[in-house]
Amino acid sequence: MPSIDDVIDSPDELDDETAQELYEEADLTQDMMGEVCPYPQVEAKKGLQQLESGDLLVQETNHVPCTENVPKAVGDDAEATVWRSGDGVYRIYLRKN
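Below is a summary of the structure that appears in this document. These figures come from a predicted structure and were not determined experimentally. (Residues numbered from 1 in each chain as written. Predicted model: local features only at pLDDT ≥ 70, side-chain atom pairs only at ≥ 80, totals over all residues. Heavy atoms only, no water.)

**With respect to the pairing of strand 5 (residues 90–96)**
Turning to step 1, where the next piece is worked out: Taking burial as the measure, the seven residues of strand 5 include five buried ones, the bulk of the element.
Turning to step 2, where the next piece is worked out: Here strand 4 (residues 78–84) runs beside strand 5; their pairing, made up of seven bridges, is antiparallel. Residue pairing across strands places valine 82 opposite isoleucine 92, the latter belonging to strand 5. (Buried < 20%, exposed > 50% of the residue type's maximum accessible area, 1.4 Å probe, protein only. Helix = DSSP H or I, 4+ residues; strand = E, 2+ residues; numbered from the N terminus. Pairing = 2+ DSSP bridges.)

Structure, rendered in structure tokens:
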């Protein structure tokens, strides 16, 4: 029986401690709670345009598809990782290339 990991292409996941440290050092954060695609994808692309290479953008969301769609939308513009809280909150970490 295939698992969900066999059918989705999600970025690597972060542990709680690393996720919090990165969140605190973020150069830009975006609150996308309650927003659905494609709005978070568009905002991520706009946010990355404001940043320098090596800067970190963090999006906080409760829309699971964003954890796959946002990293795909930014493509080679950023390296993506994801943190899952366990209570329906997700953070997408985008380090600008």
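Read on for the rest.
**Some remarks on the sheet that holds strand 3 (residues 56–61)**
Hydrogen bonds between backbone atoms are what pair the strands of a sheet, whose relative direction is either parallel or antiparallel.
Turning to step 1, where the next piece is worked out: Strands sit in the order 1-4-5-3-2 across an open sheet of five strands; the sheet is mixed. Either end of the sheet is taken by a strand with one partner, and the two such strands are strand 1 (12–13) and strand 2 (28–31).
Turning to step 2, where the next piece is worked out: Examined bridge by bridge, strand 2 and strand 3 share four bridges and lie parallel to one another. Bridge pairing in strand 3 links threonine 29 to valine 58.

**Observations regarding the pattern of salt bridges**
Turning to step 1, where the next piece is worked out: A full pass over the atoms with the stated rule returns five salt bridges.
Turning to step 2, where the next piece is worked out: Note that glutamate 25 and arginine 95 form a salt bridge whose closest N and O atoms lie 3.4 Å from each other. Of this pair, glutamate 25 sits in helix 1 (residues 16–25) while arginine 95 sits in strand 5, and the two are 70 residues apart along the sequence. (Salt bridge = Lys/Arg side-chain N within 4 Å of Asp/Glu carboxyl O.)

**A short note on the environment of lysine 45**
Turning to step 1, where the next piece is worked out: As for its placement among the helices and strands, lysine 45 is situated in helix 2 (residues 39–49).
Turning to step 2, where the next piece is worked out: Between the C-alpha atoms of lysine 45 and proline 71, which are 26 residues apart in sequence, the distance is 9.8 Å.
Turning to step 3, where the next piece is worked out: Beyond its immediate stretch of four places on either side in the chain, lysine 45 contacts Ala73 and Val74. (Contact = heavy atoms within 4.5 Å.)

**Description of the environment of alanine 26**
Turning to step 1, where the next piece is worked out: As for its placement among the helices and strands, alanine 26 is situated in the loop between helix 1 and strand 2.
Turning to step 2, where the next piece is worked out: Residues alanine 26 and tyrosine 93, spaced 67 residues apart in sequence, show a C-alpha to C-alpha distance of 8.7 Å.
Turning to step 3, where the next piece is worked out: Discounting chain neighbours no more than four positions away, the residues touching alanine 26 are Leu56 and Val58.

**Thoughts on the packing of helix 2 against helix 3 (residues 66–74)**
Turning to step 1, where the next piece is worked out: Viewed as axis vectors pointing N to C, helix 2 and helix 3 meet at an angle of 45°, and their least axial separation amounts to 9 Å. Relative to helix 3, the element helix 2 is oriented oblique. Crossing handedness for the pair helix 2 and helix 3: right-handed. In this structure, helix 2 uses Pro40, Gln41, Ala44, Lys45 and Leu48 to contact helix 3, whose residues at the interface are Cys66, Asn69, Val70, Ala73 and Val74. (Axes fitted to C-alpha atoms, helices over the stretch in contact; angles between N-to-C directions. Parallel < 35°, antiparallel > 145°, perpendicular 65-115°, else oblique. Left-handed = near helix turned anticlockwise from the far one by under 90°.)

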